Amino acid sequence: NMGQHHSTAMQNDHCGDLLRLCIGVTHGPSPLSDGSKQSEEEYSRRVLWCLDRGYEYVEVDLTPEGMTRGFDERDKDGFARVIE
């Protein structure tokens, strides 16, 4: 699980101090963006886990369209944020 990976990386000094990304991968629209209470709770759980451990949570749509979106934005999101 992610908690074990994080703990191991911290113990072995494999976590960066400047930027840590936790990337959620989808193929198409995120199932967490359907507006349901369950989706909102899961998204919040992921974001809070990341914040508590010093990560930025980024969801990436790996479809060809998703991988080209957002590069022209000042505050990048998705694949564009990972590449930045």
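This text follows the structure it describes.
Reading the values: the criteria
- Residues numbered from 1 in each chain as written.
- Predicted model: local features only at pLDDT ≥ 70, side-chain atom pairs only at ≥ 80, totals over all residues.
- Heavy atoms only, no water.
- Helix = DSSP H or I, 4+ residues; strand = E, 2+ residues; numbered from the N terminus.
- Contact = heavy atoms within 4.5 Å.
- Salt bridge = Lys/Arg side-chain N within 4 Å of Asp/Glu carboxyl O.
- Buried < 20%, exposed > 50% of the residue type's maximum accessible area, 1.4 Å probe, protein only.

**Observations regarding the side chain of Ser-39**
Okay, so step 1: Residue placement: Ser-39 occurs in helix α2 (residues 37–53).
Okay, so step 2: With residues up to four places along the chain from it excluded, the contact list for Ser-39 reads Pro-31, Leu-32 and Asp-34.

**Describing the pattern of salt bridges**
Okay, so step 1: All told, the structure shown has seven salt bridges when counted by the stated rule.
Okay, so step 2: Between Arg-45 and Glu-42 there is a salt bridge; the shortest N-O distance is 2.7 Å. Residue Arg-45 and its partner Glu-42 are both found in helix α2; the two are separated by three residues, about one turn of the helix.
Okay, so step 3: In this structure Glu-42 comes out as partly exposed when scored by relative accessible area, which is 22%.
Okay, so step 4: Each of Glu-42, Arg-45 and Arg-46 takes part in salt bridges that share partners, so that together they form one network.

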